[in-house]
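# Understanding the architecture of this molecule
Listed here are the chains, written in short residue letters.
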Amino acid sequence: RAVAMSVSHSSRLNKLVREQYVRLPQDGLVQVTYVWIDGSGEGVRCKSRTLDKEPKSIEDVPEWNFDGSSTAQAEGSNSDMFLVPVRMFRDPFCLDPNKLVLCEVLKYNRKPAETNLRHTCKKVMDLVKDSHPWFGMEQEYTLLGINGHPYGWPDNGFPGPQGPYYCGVGADKVYGRDIVESHYKACLYAGVKICGTNAEVMPSQWEFQVGPCEGIEMGDHLWMARFILHRVCEDFGVVATLDPKPMTGNWNGAGCHTNYSTEEMRREGGLKHIEAAIEKLSKRHDYHICVYDPRGGRDNSRRLTGHHETSNIFEFSAGVANRGASIRIPRQVGQDGYGYFEDRRPAANCDPYAVTEAIMRTTVLNETGVETKDYTDH
């Protein structure tokens, strides 16, 4: 009874009935679901339309519009916003030939919406493309019942202390694996570059990894993986939160550790380029903290305490195999002398466009201080 109370009403509808309709032929018509980031900078929205043939590339998907006054992106008196398709995926919910399409949001004057951080990220990635930046992001999240309590936790209390849950197996150690495995399969079907998953340190907390992705592709694939996660959770009747510290007290927070390398870091002798990049990052800590969560560091201040495998938000640190540092160089990279490094500071609810753009501005474009340069004229 307790479990039944913690899932949504919609999830209890008979899913076998839905299957009957999903399998119906479409006679060449295609359902396209447009996905975009709303005015919160964290939420995703979607709506669908019919195209008369299957789009073979993103250029075949027409622009569309939506009511920005209902997504905290415009005023009611001038509410139309443009949806500009940027990347297409297969639809794991309605199946082939249907598509999911990630979109940028433009205002009525064709300027990017305030939470469209992809726009400047794309400009920066175009500028640095010769360095071939690769990223891999580790998205931690927590499953909540519809009542806002971590899924599977006792109604009036807490599970046992952390220890047996990380990469755990067994009904008393992991909660919600069906959701995690469904999300993994859905991402593979869609063409999202998901590369792994595991149970995390706090019970009901999980992680999936996306990458390696080059340049702007990182943000595109992580945002679509997040959309698919929320959509899968909807079917199961639970909620996935990206809050960086969903439970106060002696519980791990949730981050989005970002692994990064350029072509020269991946070559023999690349360690010196890794160390040079870390040196640049050390001088720009405040700027990075400011862009690593949607509230200018306030969300991360609840997580980056220096405890629970985090660094202190006020101090920059780096080390080999050190999970309590801002930047971790994997032990294997230290031994090989080339590879990548991990920035452990980004919060679970970060915008991957903002994170990857900031890393490129600092390590390749050599920006310093808290101000950023405008590359519009380049």
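Residues numbered from 1 in each chain as written. Predicted model: local features only at pLDDT ≥ 70, side-chain atom pairs only at ≥ 80, totals over all residues. Heavy atoms only, no water.

### Here's the deal with the pairing of strand E7 (residues 194–199)
Definition in use: Two strands pair under a simple rule: DSSP has to find at least two bridges between them. What counts as a helix is a DSSP run of H or I of at least four residues, what counts as a strand is a run of E of at least two, and both are numbered from the N terminus.
Alignment of E7 against strand E8 (residues 205–214), held across five bridges, turns out to be antiparallel. For glycine 196, the partnering residue across the bridge sits in E8 and is glutamine 209. What sits between the antiparallel neighbours E7 and E8 is a turn of five residues, in which serine 204 has the positive phi angle 80°.

### Looking at the nonpolar core
Note the threshold: Residues grouped as a nonpolar core are buried Ala, Val, Leu, Ile, Met, Phe, Trp, Tyr and Cys residues, joined through side-chain atoms within 4.5 Å. Here the term buried applies to any residue with accessible area under 20% of the maximum for its type, exposed to any over 50%, and partly exposed to those in between, with areas from a 1.4 Å probe on protein chains only. For each domain, the first and last residues come from an automatic or database assignment. In what follows, a contact means two residues having at least one pair of non-hydrogen atoms within 4.5 Å.
Tyr141, Leu143, Met224, Ile228 and Phe341 are the most contacted members of the largest nonpolar core, which has 72 residues in total. Among the elements that make up this core, the one with the highest residue count is helix H5 (residues 217–236) (ten residues). Built from parts of two domains, this core gets at least three residues from each of domain 1 (9–115) and domain 2 (125–364). Here leucine 143 is in contact with Pro150, Tyr151, Tyr175, Gly176, Ile179, Ser204, Trp206, Cys233, Val238, Val239 and Ala240, once residues within four sequence places are set aside. Counting 15 residues, the second largest nonpolar core, distinct from the first, contains Val32, Val61, Val101 and Ala113.

### Observations concerning the packing of helix H4 (residues 177–190) against H5
The condition that has to hold: To get an axis, a line is fitted to the C-alpha atoms, and for a helix only the part in contact is used. The angle between two axes follows their N-to-C directions and goes from 0 to 180 degrees. In these notes the angle categories are as follows: under 35 degrees is roughly parallel, over 145 is roughly antiparallel, 65 to 115 is roughly perpendicular, and the rest is oblique. Each crossing gets its handedness from the near helix: less than a right angle anticlockwise from the far helix is left-handed, clockwise is right-handed. Charged residues are taken to be Asp, Glu, Lys and Arg, nonpolar residues to be Ala, Val, Leu, Ile, Met, Phe, Trp, Tyr, Cys and Pro, and polar residues to be all remaining types, Gly included.
Two elements in contact, H4 and H5, have axes whose closest approach is 9 Å; the angle formed by their N-to-C orientations is 135°. Between H4 and H5, the crossing angle belongs to the class labelled oblique. As for how H4 packs across H5, the hand of that crossing is right-handed. For the pair formed by H4 and H5, the contact residues are Asp178, Ile179, Ser182, His183, Ala186, Cys187 and Ala190 on the first element and Ala225, Ile228, Leu229, Val232, Cys233 and Phe236 on the second. For the contact of H4 with H5, the residue count by class is ten nonpolar, two polar and one charged.

### Brief notes about the side chain of glutamate 357
Position of glutamate 357 among the secondary structure elements: in helix H11 (residues 352–363). Sequence-distant contacts of glutamate 357, that is, excluding residues within four places in its chain, are made with Leu117, Thr120, Cys121, Val124 and Met125.

### Structural notes on the pattern of salt bridges
Between side chains of opposite charge, pairing is possible as soon as their charged atoms come close. Rule in force here: Salt bridge, as used here, is a side-chain nitrogen of Lys or Arg placed within 4 Å of a carboxyl oxygen of Asp or Glu.
Applying the stated criterion across every chain, the model contains 26 salt bridges. Among the ionic pairs, arginine 361 bridges to glutamate 357, the shortest N-O distance being 2.7 Å. Within this pair, arginine 361 and its partner glutamate 357 are both found in helix H11, separated by four residues, close to a single helical turn. Salt bridges linked by common partners bring Glu42, Asp243, Arg295, Asp299 and Arg302 together as one network.

### A short note on the domain arrangement of the protein chain
Rules: Here's the idea: put two parts together, see how much 1.4 Å probe accessible area each one loses, and the total over both is what we call buried area. Throughout this description, a polar contact denotes any pair of N or O atoms lying within 3.5 Å of each other; where both atoms belong to protein, one of them has to be capable of donating a hydrogen while the other can accept it, and for residues adjacent in sequence the pair is counted only when both atoms sit in side chains.
Each assigned domain of the protein chain is listed here: domain 1 (9–115) and domain 2 (125–364). On a C-alpha basis, the centres of domain 1 and domain 2 stand 26 Å from each other. Taken together, the 21 residues of domain 1 in the interface contact 25 residues of domain 2. Here domain 1 and domain 2 share an interface that buries about 2,000 Å² over both sides, 67% of which is from carbon and sulfur atoms. Three residues stand out in domain 1 for area buried against domain 2, namely Glu42, Phe89 and Phe93, and they jointly supply 30% of the buried area on that side. For the interface between domain 1 and domain 2, the tally reads two salt bridges. Aspartate 220 is the salt-bridge partner of arginine 87, the closest N and O atoms lying 2.7 Å from each other. Our count for the domain 1 to domain 2 interface comes out at six residue pairs in polar contact (both at pLDDT 80 or more). Mapped by element, the contributors of at least two residues to the side of domain 1 that touches domain 2 are helix H2 (15–22), strand E1 (30–37), strand E2 (44–51), strand E4 (80–90) and strand E5 (99–106). For the side of domain 1 that touches domain 2, a count of residues per class yields eleven nonpolar, three polar and seven charged.

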